[in-house]
Amino acid sequence: MDLIVTGATGLVGSLLLQYLDKINTNIEIGCLLRPTSDISQLTQLNLKIKYLRGDSFTVKTWQEILSQFCPKTIVHIASIRHIPVIMDCLREAGQNPRLVVIGTTGVYSKYNQYSREYRVIENKITEYPGSYSLLRPTMIYGSHRDKNLHKLIKFCDRYGFFPVFGAGDNLIQPVHAEDLAQAILTALQRPHIQGAYDLSGGTVVTFRELLTLVGKLLGKPVRQISLPLNAGVWSATILENILKERSPVRREQILRLQEDKAYPHDAAQRDLDFFPRTLEEGLRQEVELMRSLGMISS
Ligand SMILES: NC(=O)c1ccc[n+]([C@@H]2O[C@H](COP(=O)([O-])OP(=O)(O)OC[C@H]3O[C@@H](n4cnc5c(N)ncnc54)[C@H](OP(=O)(O)O)[C@@H]3O)[C@@H](O)[C@H]2O)c1
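Residues numbered from 1 in each chain as written. Predicted model: local features only at pLDDT ≥ 70, side-chain atom pairs only at ≥ 80, totals over all residues. Heavy atoms only, no water.

**Q** I tried to follow the domain arrangement of the protein chain on my own but got confused; where do I start?
**A** Reports of interface size often rely on the accessible area that becomes lost once the parts have come together. Each assigned domain of the protein chain is listed with its residue range as follows: domain 1 (3-140 + 174-201 + 262-276) and domain 2 (151-170 + 204-261 + 288-292). Each of domain 1 and domain 2 was reduced to a C-alpha centroid, and the two centroids are 29 Å apart. Across the boundary between the two partners, domain 1 contributes eight residues, which contact eight residues of domain 2. Looking at the side of domain 1 facing domain 2, the largest losses of area belong to Tyr 111, Tyr 114 and Ala 262, adding up to 58% of the total buried there. Our count for the domain 1 to domain 2 interface comes out at zero salt bridges. At the boundary of domain 1 and domain 2, one finds six residue pairs in polar contact (both at pLDDT 80 or more). Here the side of domain 1 that touches domain 2 is built from residues that sort into four nonpolar, three polar and one charged. (Domains from an automatic or database assignment. Contact = heavy atoms within 4.5 Å. Buried area = accessible area lost by both parts, 1.4 Å probe. Salt bridge = Lys/Arg side-chain N within 4 Å of Asp/Glu carboxyl O. Polar contact = N/O pair within 3.5 Å; in protein donor to acceptor, adjacent residues only side chain to side chain. Nonpolar A, V, L, I, M, F, W, Y, C, P; charged D, E, K, R; others polar.)

Structure below.
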């Protein structure tokens, strides 16, 4: 087997598989999927896919896979938290395929409880005896499947306002899922590319500027309601406890609102030809997509 991909049913992974389909690759691709994963999109692709069932966070799954296959490359999108398990199983199996791992710029957070785990895992990756590329996206957006901006767009469209906790002048630089998927494909096509790369979007904005942009694209004003940061932390905690996964906002997101989350992507531009679209262009596409799906008013 040439390639194993995890996370192929997710937002970024499904785009990567579509791109692999477009370039007409003839390689055999093992997609590691959970028994509950929805494979309907994958079955429509003209790719040589082998469906491997399991859980990429468990030793048993990787032991089973690596006892049957010697992949040349593993693209691990599902979660960087699974990496220690994967690396241990690879060592046990005596295999050193090229690893392309999706991490997160969350590793730079000053909130230790959030970033420490990522730092420990990243350190482990640097000890990998094979070739690896660690790609760290910022906040991912681009469709109704993203975890972040589509909820904000929907809320602004429905209620015409959005709360701004604290000053709202922190910097963000969201990256479009398609630009990220393209960068993964390039890392796959350039096996000599080694090391870590930050993958941020084409535009740096403050949170308030983001809301103004969303209002412009929705064609209606979005009022910015200024609130103290503590009120946000409390509200998010309560919402998360009640709504769980459906909560429009997580406590950690509010806490991290105080942090600037803009990171240069010069190294990725140089080595991966990474030229991400502007936020206005990407958000316009997302708004149009959500309109076409009837998720927001037209
Ligand atoms: N969202 C962001 O803003 C952000 C920012 C920085 C980094 N990242 C990272 O970027 C990566 C891609 O994000 P995404 O938005 O594409 O995620 P996503 O849409 O939530 O997709 C996650 C994928 O991973 C699979 N998966 C999760 N846990 C698994 C497990 N234990 N075993 C096997 N498969 C598993 C899911 O399978 P199912 O179909 O079965 O659910 C799905 O295919 C993730 O590693 C994420 O942590 C995200």
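**Q** What am I meant to see in the site of the ligand here?
**A** Around the ligand, 23 residues are found, and the nearest of them are Thr 9, Ser 37, Asp 55, Ile 77 and Lys 147. Take Asp 55: an N or O atom from its side chain is 2.7 Å from a nitrogen atom of the ligand. A distance of 2.6 Å separates an oxygen atom of the ligand from a polar backbone atom of Ile 77. Look at the ligand: alone it shows 920 Å² of surface, and the protein chains cover 79% of it. Across the shell around the ligand, the residue classes tally to nine nonpolar, 11 polar and three charged. (Near = heavy atom within 4 Å. Areas by Shrake-Rupley, 256 points an atom, 1.4 Å probe, with all protein chains shown as cover.)

**Q** Where do I start with the nonpolar core in this structure?
**A** Across soluble globular proteins, nonpolar side chains have a tendency to be buried as a group. Membership of the largest hydrophobic core comes to 38 residues, with the highest contact counts inside it found for Val 5, Leu 17, Val 75, Leu 135 and Ile 184. Listing elements by their share of this core, those giving two or more residues are strand E1 (3-6), helix H1 (11-22), strand E2 (28-33), strand E5 (98-102), helix H7 (177-189), strand E11 (195-199) and helix H11 (266-272). Ranked by residues supplied to this core, first place goes to H7 with eight residues. The next biggest cluster of nonpolar side chains, apart from the first, holds 35 residues, and it includes Phe 69, Met 87, Tyr 132 and Ile 254. (Core = buried A, V, L, I, M, F, W, Y, C linked by side-chain atoms within 4.5 Å. Buried < 20%, exposed > 50% of the residue type's maximum accessible area, 1.4 Å probe, protein only. Helix = DSSP H or I, 4+ residues; strand = E, 2+ residues; numbered from the N terminus.)

**Q** Please clarify how the sheet that holds E1 should be interpreted in this entry.
**A** In space, the seven strands of this open sheet follow the order E3-E2-E1-E4-E5-E6-E11, with parallel pairing throughout. Each edge of the open sheet carries a strand with a single partner, namely strand E3 (48-53) and E11. On average, adjacent strands in this sheet sit at an angle of 15 degrees to one another, irrespective of strand direction. Here six bridges tie E2 to E3, and the two strands are oriented parallel to one another. Bridge pairing in E3 links Ile 29 to Ile 49. Contacts between H1 and the sheet are confined to E1, E2, E3 and strand E4 (73-76), with E1 contributing the most and set at about 150 degrees to the helix. (Pairing = 2+ DSSP bridges. Axes fitted to C-alpha atoms, helices over the stretch in contact; angles between N-to-C directions.)

**Q** What's the story with the packing of helix H6 (residues 149-159) against helix H8 (residues 207-218) in this structure? I'm lost.
**A** Angle between the axes and distance between the axes are the two parameters that describe a pair of packed helices. Viewed as axis vectors pointing N to C, H6 and H8 meet at an angle of 60 degrees, and their least axial separation amounts to 10 Å. Here H6 lies oblique to H8, going by the angle between them. The interaxial crossing formed by H6 with H8 has right-handed handedness. Residues Leu 149, Leu 152, Ile 153, Cys 156 and Asp 157 of H6 lie in contact with H8, whose contacting residues are Phe 207, Leu 210, Leu 211, Val 214 and Leu 218. Classifying every residue of the contact of H6 with H8 by side-chain character gives nine nonpolar, no polar and one charged. (Parallel < 35°, antiparallel > 145°, perpendicular 65-115°, else oblique. Left-handed = near helix turned anticlockwise from the far one by under 90°.)

**Q** Help me understand helix H4 (residues 83-93), please; the structure alone is not making it clear to me.
**A** Along an α-helix, a turn takes 3.6 residues, which lines up residues three or four apart on a common side. Taken together, the buried positions of H4 are Ile 83, Val 85, Ile 86, Met 87, Cys 89 and Leu 90. Buried residues along H4 sit against helix H3 (59-68), E4, E5 and helix H5 (112-126). Gly 94, located one to two residues past H4, shows a positive phi value of around 65 degrees.

**Q** Mind showing me how you'd approach the packing of aromatic side chains here?
**A** The relative placement of two aromatic rings is captured by the distance of their centres and the angle of their planes. One pass over the structure, following the stated rule, counts seven aromatic pairs. Ring centres of Phe 155 and Phe 161 lie 5.4 Å apart, and the angle between their planes is 85 degrees; on these two criteria the pair is classed as edge-to-face. For Phe 155, a relative accessible area of 23% translates into the label partly exposed. Of the aromatic side chains, those joined through ring pairs into one cluster are Phe 155, Tyr 159, Phe 161, Phe 162 and Phe 207. (Phe/Tyr/Trp six-rings, centres within 6.5 Å; stacked < 30°, edge-to-face > 60°.)

**Q** Any chance you could explain the pattern of salt bridges here in plain terms?
**A** If the charged atoms of two oppositely charged side chains come close together, the side chains can form a pair. Under the definition given, this model contains 16 salt bridges. With a closest N to O distance of 3.1 Å, Lys 124 and Asp 88 form a salt bridge. Of this pair, Lys 124 sits in helix H5 while Asp 88 sits in helix H4, and the two are 36 residues apart along the sequence. Through salt bridges with shared partners, a single network forms among Asp 88, Arg 91 and Lys 124.

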